[in-house]
Amino acid sequence: MDPNRSKIVENIHEALVKCEIKDGMTISFHHHFREGDYIVNMVMEEIHKMGVKNITICASSLGKAHDPIVPMIEDGTVTGIRSSGEAISAGKLKNLAVMCSHGGRVRAIESGEVHIDIAFIGAPTCDEYGNMRANGGKSDCGVLSYAMADAEYADRVVAITDCLVPFPNIPASISMTQVDFVCVVDEIG
């Protein structure tokens, strides 16, 4: 990626195409917005529309806000989950659901036990080059610490924000050097 050009994409669909989404990938999300999170559902809805199957979701936590992914488990869009939370209880997941603590998830990513193809990180503020901060927007979340491993180890990183700010958005919690694309949406959580 050229750090001197804007990384803005038009929408989540374009980000997925540019990240070369395909069957069998592992994608990650963080949970900073908890039960107010919109990121997982937005991304998974688009993946579902594209007909991509056999996705493993590696999320720091899933909860009731993510109930819309249940039909995607039933139809084979999602076949694996590595997370904490209560989203898996009906036994419909094709593969194992691996439950782990937030720190255990980070360790699994850093050790290579889990390989992330595409990380989607909700950023309360972000500039067009991908410098993300956890505060300053309409969806402040405190810190982006659990998403740092995703940004460092994923093959591709998409920042999703509802508050695009002028460059440079510093001090950045996650640097533009770790971000491939920036997608601006109406609301992240």
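To be clear, the structure that these remarks concern was listed above.
Residues numbered from 1 in each chain as written. Predicted model: local features only at pLDDT ≥ 70, side-chain atom pairs only at ≥ 80, totals over all residues. Heavy atoms only, no water.

Overview of the overall build of the chain
In terms of regular secondary structure, the chain is built from five helices and 10 strands. Its C-alpha atoms give the chain a radius of gyration of 15 Å, near enough to 16 Å, the size a compact globule of 189 residues would have. Seen through its C-alpha atoms, the chain measures out along the principal axes to roughly 45 × 30 × 30 Å. Out of the 189 residues belonging to the chain, those deemed buried represent 51%. Accessible surface, the chain: about 8400 Å² in total, of which carbon and sulfur atoms supply 50%. (Helix = DSSP H or I, 4+ residues; strand = E, 2+ residues; numbered from the N terminus. Rg over C-alpha atoms; globule rule 2.2 N^0.38 Å. Buried < 20%, exposed > 50% of the residue type's maximum accessible area, 1.4 Å probe, protein only. Areas by Shrake-Rupley, 256 points an atom, 1.4 Å probe, with all protein chains shown as cover.)

Overview of the nonpolar core
One broad rule of soluble globular proteins: the nonpolar side chains tend to lie buried together. Judged by nonpolar contacts, the single largest core of 56 residues is most densely connected at Ile-27, Phe-29, Met-44, Phe-120 and Ile-160. Non-local contacts of Ile-27, meaning those with residues more than four positions away in its chain, are made with Ile-21, Val-43, Met-44, Ile-47, Ile-55, Thr-56, Ile-57, Cys-58, Ile-118 and Phe-120. (Core = buried A, V, L, I, M, F, W, Y, C linked by side-chain atoms within 4.5 Å. Contact = heavy atoms within 4.5 Å.)

Things to note about the pairing of strand β3 (residues 55–59)
Remember that side chains alternate between the two faces of the sheet whenever the strand is regular. With five of its five residues buried, β3 lies for the most part within the structure. Burial of β3 is two-sided: the residues Ile-55, Ile-57 and Ala-59 facing one way and the residues Thr-56 and Cys-58 facing the other way are all buried. In terms of strand pairing, strand β2 (residues 26–29) meets β3 through four bridges, oriented parallel. Each residue of the ladder has a partner; that of Thr-26, found in β3, is Thr-56. Bridge count for β3 against strand β4 (residues 78–83) is four bridges, and the pairing is parallel. By the bridge assignment for β4, Ile-57 is matched with Ile-81. (Pairing = 2+ DSSP bridges.)

Here we look at the packing of aromatic side chains
Scanning the entire structure with this criterion turns up two aromatic pairs. Considering the side-chain rings of Phe-29 and Phe-120, the 5.6 Å spacing of their centres and the 20 degrees angle between planes classify their relative orientation as stacked. Of this pair, Phe-29 sits in strand β2 while Phe-120 sits in strand β6 (residues 118–123); the two residues are 91 residues apart in sequence, bridging distant segments of the chain. In this structure Phe-29 comes out as buried when scored by relative accessible area, which is 1%. Ring geometry for Tyr-129 and Phe-167: centres 4.9 Å apart, planes at 75 degrees, overall edge-to-face. (Phe/Tyr/Trp six-rings, centres within 6.5 Å; stacked < 30°, edge-to-face > 60°.)

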